[in-house]
Amino acid sequence: MPRTARDVVFVDGVRTPFGKAGPKGLYAQTRADDMVVRAIRALMRRNPSLPPGRVDEVAIAATTQTGDQGLTIGRSAAVLAGLPKSVPGYAIDRMCAGAMTAVTTSGAGISFGSYDVVIAGGVEHMGRHPMGEGVDPNPRFLADRLVDPSALVMGSTAENLHDRFPGITKARADAYAVRSQQKVADAYAAGKIQPDLVPTAIRSAEKGWGLATEDEPPRPGTTLDDLARLKTPFRVHGNVTPGNAAGLNDGATACLLAAEDTARELGLTPKMRLLDFSFAGVEPEVMGVGPVPATEKLLARNALTMDDIGLIEINEAFAVQVLAFLEHFKISDDDARVNPWGGAIALGHPLASSGVRLMNQLARLFEEHTDVRYGLTTMCVGMGMGGTVLWENTNWEGAK
């Protein structure tokens, strides 16, 4: 029989606090799979009306699928989290957009009718598994001149983006980065970010066992003078520094998606509705511009313009990448719609997990802004891609 597409809703989302990658970071002695298990368990505790056996799928992303991020991490995390053995799971990889793709792929399954409820998320332990670990790029990429050599170095692609957009100077990127740090500090002070953070057990040789309760990467009080003194490691006299880019980070995210009719049946309260999504490819050497064509495709398909979008959560892999997006859509650098609580330059970017962090923040912002109907979560993706998801506020006052 023909199937009718069902509405898909984002019910809830959580994440571990994000840590700095490396031997002194929060999660240096914590397993990646334990981090995502912690997030899944918290998600189930927060939604007690959901019987664990009603979860139809667990989709978990990881960019480096080896070691404690291997073994089909969606399935292994489901078992470790105590979900019934009948609940299947799988792993997924689209680099930085891993968790975003876990949501769009499993959400499409809900819309098609194959699932009623899914858990989607991502994890990246960049301290245990550095970016590119074990990767063996085919030599034909360079021998056949399919990509520029800089395409395989994310910081170099950001420098290339500065070349492509000469109006985006280092000073402008630094100013954006300072605002991101300040917005995160203000959001923390107002208690905006903490509700979706899952306290996570940590251990160190010096202090023994402890509990991570807040993000480690933010640098509150960062000034333009601080950033001006930083080196440009990807190009001599370049523009990209550790201060105007996201760091190397560890962290996990998980969210609960459901068919809207199933959510009502189970007494779950939707925070936002998934309307559509789009992925697009660009030249790998300027991968940061990826959100532009992905967003253009999405808006055109839904007969919307950027004026219809009331909130934008864009991943801050690099300040220049955000600014290129804003410049293309003629949005001011300090537009109040864009990352109101700050972004990855301050909070960190544990690759495959970040897409759901964007969704968590958008869902919270929708609750505060009932006058806003539509919002976007968007990000650039390594090897020259971009992804954008269109959401509708289920609390939008215009629907009442």
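Predicted, not measured: the structure shown is a model, and the values here were computed from it. (Residues numbered from 1 in each chain as written. Predicted model: local features only at pLDDT ≥ 70, side-chain atom pairs only at ≥ 80, totals over all residues. Heavy atoms only, no water.)

Trainee: When you look at a nonpolar patch on the surface in this model, what are you seeing that I'm missing?
Mentor: Taken together, the side chains of Leu152, Val153 and Phe234 define a hydrophobic patch exposed on the protein surface, amounting to about 220 Å² of accessible area. Its place among the elements puts Phe234 in the loop between helix H7 (224–228) and strand E8 (249–259). (Patch = residues over 30% accessible without salt bridge, like charges linked within 9 Å, V, L, I, M, F, W, Y side chains within 5 Å. Areas by Shrake-Rupley, 256 points an atom, 1.4 Å probe, with all protein chains shown as cover. Salt bridge = Lys/Arg side-chain N within 4 Å of Asp/Glu carboxyl O. Helix = DSSP H or I, 4+ residues; strand = E, 2+ residues; numbered from the N terminus.)

Trainee: Is there a simple way to explain the domain arrangement of the protein chain in this structure?
Mentor: It is common to report an interface's size as the accessible area lost on association of the parts. Entries for the protein chain in the domain assignment read domain 1 (8–127 + 247–266) and domain 2 (148–194 + 233–246 + 276–390). Contacts between domain 1 and domain 2 engage 34 residues on the former and 30 residues on the latter. The junction of domain 1 with domain 2 conceals about 2400 Å² of combined surface from both sides, 73% of it contributed by carbon and sulfur atoms. Taken together, domain 1 and domain 2 are joined by 0 salt bridges. At the boundary of domain 1 and domain 2, one finds 4 residue pairs in polar contact (both at pLDDT 80 or more). Elements that contribute at least two residues to the side of domain 1 that touches domain 2 include exactly strand E1 (8–15), helix H3 (98–112), strand E5 (117–125) and E8. Among the elements that take part in the side of domain 1 that touches domain 2, E8 stands out by supplying 7 residues, more than any other. Grouping the constituent residues of the side of domain 1 that touches domain 2 by class yields 18 nonpolar, 11 polar and 5 charged. (Domains from an automatic or database assignment. Contact = heavy atoms within 4.5 Å. Buried area = accessible area lost by both parts, 1.4 Å probe. Polar contact = N/O pair within 3.5 Å; in protein donor to acceptor, adjacent residues only side chain to side chain. Nonpolar A, V, L, I, M, F, W, Y, C, P; charged D, E, K, R; others polar.)

Trainee: Would you explain the packing of aromatic side chains in this entry?
Mentor: Aromatic ring pairs are reported here in terms of the distance separating the ring centres and the angle at which the planes meet. Scanning the model with the defined rule gives 3 aromatic pairs in all. When the centroid spacing of 6.2 Å and the interplanar angle of 65° are considered together, the rings of Phe277 and Phe279 count as edge-to-face. Relative accessible area serves as the criterion here: at 16%, Phe279 is assigned to the buried category. Note on Phe325 and Phe329: the rings are 4.9 Å apart at their centroids and 55° apart in plane angle, and the pair reads as tilted. Assessed through its relative accessible area of 1%, Phe325 is described here as buried. Seen from the ring of Phe18, Arg15 lies directly overhead, with NZ or CZ sitting 4.4 Å from the centre. (Phe/Tyr/Trp six-rings, centres within 6.5 Å; stacked < 30°, edge-to-face > 60°. Buried < 20%, exposed > 50% of the residue type's maximum accessible area, 1.4 Å probe, protein only. Lys NZ or Arg CZ within 6 Å of the ring centre and 35° of its normal.)

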